[in-house]
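Below are the chains, spelled out letter by letter.
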Amino acid sequence: MRRLAAFLACLAGPALAGGLEIEVVGETVSGTVQIDLLEDVAPLHAAQISALAEQGAYDGVVFHRVIEGFMAQTGDVRFGKNPEDMSRAGMGGSDLGNIPAEFSDVPFDRGVVGMARSQNPNSANSQFFIMFEPGYFLNGQYTVVGRVTAGMDVVDALKRGHPQSGAITGQPDVMQRVTAVE
């Protein structure tokens, strides 16, 4: 019932946006990343991300997990807004509730945007990741929600974390402003 309420809340808002425009800032990176949301592939996930962007929930959220040769993760709207205290970043989500998996045959290629989740496939909420390199082992295991259409150079310039955990040491890069676009 909670999932249905979250889905209806997304539909009751403004029309679904076709994508995201993310202004990224950090010690060594500054630029804009444009993402095409794949509404035909993952309509519930695209609607939730759009709704959170329209609310301004993603503004100021850090990239809390960045692994060289794999991916950059962000979107923790609950614990990811304090770059001074990263201890809980990556453990939170939004108040909109979790989304059931929308697995597809779209492969996890470079620049693909996927939804982060816990061990439960139906636990995606607000966090997402952008692939640096193909990660086909994720195919059919995680929901593909979009593709980077511009600004992959900005993604490539993100500060890398620990080689295995991706945890960032020092100041993380931040999504300063995230806008839902047509």
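Keep in mind that this is a model prediction, so the values were computed, not measured.

## Examining the overall build of the protein
Line of reasoning, step 1. Secondary structure summary: the protein contains three helices and nine strands in total.
Line of reasoning, step 2. Reading the protein from its N terminus to its C terminus gives the helix and strand order α-β-β-α-β-β-β-β-β-β-α-β.
Line of reasoning, step 3. The globule rule puts the C-alpha radius of gyration for 182 residues at 16 Å, and the 15 Å found for the protein is close to it.
Line of reasoning, step 4. Once the C-alpha set of the protein is aligned to its principal axes, its extents read approximately 40 × 30 × 30 Å.
Line of reasoning, step 5. By the burial criterion, 47% of the 182 residues in the protein qualify as buried.

## Digging into the side chain of Glu-102
Line of reasoning, step 1. Relative to the helices and strands, Glu-102 is located in the loop between strand E5 (71-74) and strand E6 (112-115).
Line of reasoning, step 2. One polar contact links Glu-102 to His-45, side chain to side chain, over a distance of 2.4 Å.

## Observations concerning the pattern of salt bridges
Line of reasoning, step 1. Per the stated rule, a full pass over the model turns up four salt bridges.
Line of reasoning, step 2. Lys-159 serves as the salt-bridge partner of Glu-27, at 3.9 Å between the closest nitrogen and oxygen. Of this pair, Glu-27 sits in the loop between strand E1 (19-25) and strand E2 (30-37) while Lys-159 sits in the loop between helix H3 (152-156) and strand E9 (174-181), and the two are 132 residues apart along the sequence.
Line of reasoning, step 3. Using a relative accessible area of 57% as the deciding quantity, one classes Glu-27 as exposed.
Line of reasoning, step 4. The exposure class of Lys-159 is partly exposed, given its relative accessible area of 24%.

## Some words on the environment of His-45
Line of reasoning, step 1. In this fold, His-45 is placed in helix H2 (residues 43-55).
Line of reasoning, step 2. Using a relative accessible area of 0% as the deciding quantity, one classes His-45 as buried.
Line of reasoning, step 3. In sequence terms His-45 and Gly-146 are 101 residues apart; their C-alpha atoms lie 9.6 Å from each other.
Line of reasoning, step 4. If sequence neighbours within four positions are ignored, His-45 has contacts with Ile-99, Pro-100, Ala-101, Glu-102, Met-115, Ala-124, Thr-143 and Val-145.

## Side note on the confidence of the model for the protein
Line of reasoning, step 1. The pLDDT averaged across the protein works out to 91; a share of 91% of its residues lies at or above 70.
Line of reasoning, step 2. Contacts of residues 1-16 to residues separated by more than four positions or lying in other chains number 16 contacts, the stretch itself having pLDDT below 50.

## Section: H2
Line of reasoning, step 1. Here H2 spans 18 Å end to end across 13 residues, near enough to the 18 Å set by a 1.5 Å rise per residue.
Line of reasoning, step 2. Trailing H2 by a residue or two, Gly-56 shows a phi angle of about 80 degrees, which is positive.

## Let's talk about the sheet that holds E5
Line of reasoning, step 1. The sheet built from nine strands is open, its strands ordered E3-E9-E1-E2-E8-E6-E7-E5-E4 with antiparallel pairing. Bordering the open sheet on either side are strand E3 (61-62) and strand E4 (65-67), each of which pairs with just one other strand.
Line of reasoning, step 2. Summarising the sheet, E6 and strand E8 (residues 144-150) pair through three bridges and their orientation is antiparallel. Each residue of the ladder has a partner; that of Val-113, found in E8, is Gly-146.
Line of reasoning, step 3. Packed onto the sheet, H2 meets E1, E2, E6, strand E7 (128-131), E8 and E9 and runs at close to 115 degrees relative to E9.

Cut-offs applied
Residues numbered from 1 in each chain as written. Predicted model: local features only at pLDDT ≥ 70, side-chain atom pairs only at ≥ 80, totals over all residues. Heavy atoms only, no water. Helix = DSSP H or I, 4+ residues; strand = E, 2+ residues; numbered from the N terminus. Rg over C-alpha atoms; globule rule 2.2 N^0.38 Å. Buried < 20%, exposed > 50% of the residue type's maximum accessible area, 1.4 Å probe, protein only. Polar contact = N/O pair within 3.5 Å; in protein donor to acceptor, adjacent residues only side chain to side chain. Salt bridge = Lys/Arg side-chain N within 4 Å of Asp/Glu carboxyl O. Contact = heavy atoms within 4.5 Å. pLDDT = per-residue confidence, 0-100. Expected span 1.5 Å × (residues − 1). Pairing = 2+ DSSP bridges. Axes fitted to C-alpha atoms, helices over the stretch in contact; angles between N-to-C directions.

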